[in-house]
Amino acid sequence: MKLPDHPLEPEISPIARDEFAIICQSNLLSYVAGFVDVLGFVALFGLFTNHVTGNIVMIGGLLTTHADGLIPKLLAIPVFVMCVALCRLVVLYYQRRGQQCWRLLFCTQMLFLLLFMLIGLAALPITDPDAPIAILAGMMGVAAMSIQNAQARLINPGQVPTTIMTGNITQAVIDMVDILSRDVTHRDTALKRLKIIGPAIFAFMAGVVTGAYAFLYISFYALLVPLVLLAGLVVHASLRRA
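Below you will find a few notes about this structure.

About the cut-offs
Residues numbered from 1 in each chain as written. Predicted model: local features only at pLDDT ≥ 70, side-chain atom pairs only at ≥ 80, totals over all residues. Heavy atoms only, no water. Helix = DSSP H or I, 4+ residues; strand = E, 2+ residues; numbered from the N terminus. Rg over C-alpha atoms; globule rule 2.2 N^0.38 Å. Buried < 20%, exposed > 50% of the residue type's maximum accessible area, 1.4 Å probe, protein only. Contact = heavy atoms within 4.5 Å. Areas by Shrake-Rupley, 256 points an atom, 1.4 Å probe, with all protein chains shown as cover. Core = buried A, V, L, I, M, F, W, Y, C linked by side-chain atoms within 4.5 Å. Phe/Tyr/Trp six-rings, centres within 6.5 Å; stacked < 30°, edge-to-face > 60°. Lys NZ or Arg CZ within 6 Å of the ring centre and 35° of its normal.

### A closer look at the overall build of the chain
And then number 1: Scanning the chain for helices and strands turns up eight helices and zero strands.
And then number 2: The N-to-C order of helical and strand elements in the chain reads α-α-α-α-α-α-α-α.
And then number 3: For 242 residues, the compact-globule estimate of 2.2 N^0.38 gives 18 Å, and the C-alpha radius of gyration of the chain, at 19 Å, lies within 12% of that figure.
And then number 4: With the C-alpha coordinates aligned to their principal axes, the bounding extent of the chain is approximately 55 × 50 × 30 Å.
And then number 5: With 242 residues in all, the chain has 47% of them scored as buried.
And then number 6: Contacts spanning at least 24 positions in sequence make up 75% of the contacts within the chain whose residues lie at least 6 apart.
And then number 7: Total accessible area computed for the chain in this model is approximately 12,200 Å², and 70% of it derives from carbon and sulfur atoms.

### Some details on the nonpolar core
And then number 1: Judged by nonpolar contacts, the single largest core of 62 residues is most densely connected at Leu39, Leu113, Phe116, Phe220 and Leu223.
And then number 2: Where this core is concerned, the elements lending two or more residues are α1 (19-43), α3 (70-95), α4 (102-123), α5 (132-154), α6 (165-180), α7 (184-218) and α8 (224-241).
And then number 3: No other element matches α5, which puts twelve residues into this core.
And then number 4: Among all residues touching leucine 39, those that are not within four sequence positions of it are Leu44, Phe116, Phe215, Ser219, Phe220, Ala222 and Leu223.

### Observations regarding unusual backbone geometry
Outside of glycine, negative phi angles account for most residues, and trans bonds account for most peptide bonds.
And then number 1: Of note, the amide linkage connecting leucine 124 to proline 125 takes the cis form, showing an omega dihedral of -5°.
And then number 2: Residue position: proline 125 is located in the loop between α4 and α5.
And then number 3: A positive phi angle, close to 60°, is found at phenylalanine 45, a residue other than glycine.
And then number 4: Its place among the elements puts phenylalanine 45 in the loop between α1 and α2 (52-65).

### So, the packing of aromatic side chains
And then number 1: Across all of its chains, the model carries five aromatic pairs by this definition.
And then number 2: Centre to centre, the rings of tyrosine 31 and phenylalanine 35 are 6.0 Å apart; their planes meet at 40°, and the pair counts as tilted. With a gap of four residues between them, tyrosine 31 and phenylalanine 35 both fall in helix α1, about one helical turn apart.
And then number 3: Take phenylalanine 35: its relative accessible area is 1%, and that puts it in the buried class.
And then number 4: Within the aromatic cluster, the residues linked to one another by ring pairs are Phe116, Phe215 and Phe220.
And then number 5: For arginine 97, the ring lying beneath its charged end belongs to tyrosine 93, and the centroid distance is 3.8 Å.

The following block contains the structure:
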């Protein structure tokens, strides 16, 4: 297979071509991330679907307390890694042919979220976090959110991270200091960045709160909320491209 002479550049989705669209997309995806992460944590005995760090910490805690739920946290790490690697391979495959795959990644994420919901419903009531069907449900959630982690770097490199808020809060604090210090060199850049990061942080928090309450009242049916939001994002991006 002959590779292109020019280096492969990150793909840019249609919705991420202006500042307002980037802010809207970052807020929506941050909300989805907070929503899904807290739902997995509450429903599956402390399983983080969004990021590896939390599961590593949980593994350490479970090893010392000998509590249930170690298996899904261990499996979440290789599942996350494999899904991110597959996303990279898919993006490279499409880039080498001059094609875009942002819609494919979003739709695949929606498929895994749908499976997360259906398998989770079938697993109810979940009393054992190490039960095979509960583990399978959790891995669907991990797969879905690993795609969101990957697409932020592969499809929309200008978008702020939407799944982990530690880095965003750190950057927001640095930007606020630069703005308040009246440092002309960094102020404009910091202000522009804070306009994106700040709302994304609050959107993630809103997703956490609403996701927890939604699961409390309607169980795994709550995952219909992020499914609808992602579907709306795909439709909107498709219309912008058209």
